[in-house]
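# Examining the three-dimensional arrangement
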Amino acid sequence: MPGHTENDITIAAPLDLVWDITNDIEDWPQLFSEYASVEVLSREGDKTTFRLTMHPDDNGTVWSWVSERVVDRRNRSVRARRVETGPFEHMDIHWRYTEIPGGTSMHWTQDFAMKPQAPVDDKGMTDLINRNSRIQMELIRDKIEQRDRELRTTPVS
């Protein structure tokens, strides 16, 4: 049975700041703790194709893949998919941003299926993604809220 995850977090910062920081792909190695590097391969309008490389896992394996990401700022939405699927049959990602009182709600949905020879099955990957998404979202929230505080306390020249 294919995997499906949904995770969300409230960030006490303006939507435009949350959008700008989380969609700055080149800065993802500083935003996410799991990514070692990102290489933008092409940009065509709102679509970016890029290679993500993770830090080595506990076994020393370095995972890397190519993804395609399309941003829709007007609708506060991002759709992405893995082009190089690796252990996945497919991986489709949808990020939604909603302005709420006191900040921004960021919602991540991932739909995927693992290949039969993958090191983990759909249920195992669902558990892994849910656990890691919470960790990454909390890290992102903390960094964005810190940046928002810095912006609000910096005197305007």
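Just so you know, these numbers come straight off a predicted model, no measurement behind them.

### Remarks on the overall build of the chain
- A tally of regular secondary structure across the chain gives 3 helices and 7 strands.
- For the chain, the succession of helices and strands along the chain, N to C, is β-α-α-β-β-β-β-β-β-α.
- Taking 157 residues into account, the globule formula puts the C-alpha radius of gyration at 15 Å, and the chain, at 16 Å, falls close to it.
- Taken along its principal axes, the extent of the C-alpha atoms in the chain is 55 × 30 × 30 Å.
- Counting all 157 residues of the chain, 42% fall into the buried class.
- The long-range fraction of contacts in the chain, counting pairs at least 24 apart against all pairs at least 6 apart in sequence, stands at 50%.

### Focus on the packing of helix H1 (residues 15-22) against helix H3 (residues 122-153)
- One can describe the packing of H1 onto H3 by two numbers: an axis separation of 11 Å at closest approach and a directional angle of 125°. It follows that H1 is oblique to H3 by the angle criterion. When you trace H1 past H3, the crossing you get is right-handed. Residues Leu17, Val18, Ile21 and Thr22 of H1 lie in contact with H3, whose contacting residues are Ile140, Ile144, Arg147, Asp148 and Leu151.
- Its residues assigned to classes, the contact of H1 with H3 shows 6 nonpolar, 1 polar and 2 charged.

### Quick look at the environment of Trp95
- By the element assignment, Trp95 lies in strand S6 (residues 88-100).
- Separated by 52 residues in sequence, Trp95 and Arg147 place their C-alpha atoms 21 Å apart.
- Each residue touching Trp95, except ones within four places of it in the same chain, is listed here: Thr22, Trp28, Phe32, Arg69, Arg76, Ser77, Val78, His107 and Trp108.

### Considerations on the pattern of salt bridges
- Here the structure, examined in full by the defined rule, presents 12 salt bridges.
- For Asp16, the salt bridge goes to Arg73, with nearest N and O atoms at 3.5 Å. With Asp16 in helix H1 and Arg73 in the loop between strand S4 (64-72) and strand S5 (77-82), this pair connects stretches of sequence that are 57 residues apart.
- Measuring nitrogen to oxygen at the nearest pair gives 2.9 Å for the salt bridge that ties Arg43 to Glu26. Linking Arg43 in strand S2 (residues 35-44) with Glu26 in the loop between H1 and helix H2 (28-31), this pair joins segments that are 17 residues apart in sequence.

Definitions and limits used
Residues numbered from 1 in each chain as written. Predicted model: local features only at pLDDT ≥ 70, side-chain atom pairs only at ≥ 80, totals over all residues. Heavy atoms only, no water. Helix = DSSP H or I, 4+ residues; strand = E, 2+ residues; numbered from the N terminus. Rg over C-alpha atoms; globule rule 2.2 N^0.38 Å. Buried < 20%, exposed > 50% of the residue type's maximum accessible area, 1.4 Å probe, protein only. Contact = heavy atoms within 4.5 Å. Axes fitted to C-alpha atoms, helices over the stretch in contact; angles between N-to-C directions. Parallel < 35°, antiparallel > 145°, perpendicular 65-115°, else oblique. Left-handed = near helix turned anticlockwise from the far one by under 90°. Nonpolar A, V, L, I, M, F, W, Y, C, P; charged D, E, K, R; others polar. Salt bridge = Lys/Arg side-chain N within 4 Å of Asp/Glu carboxyl O.

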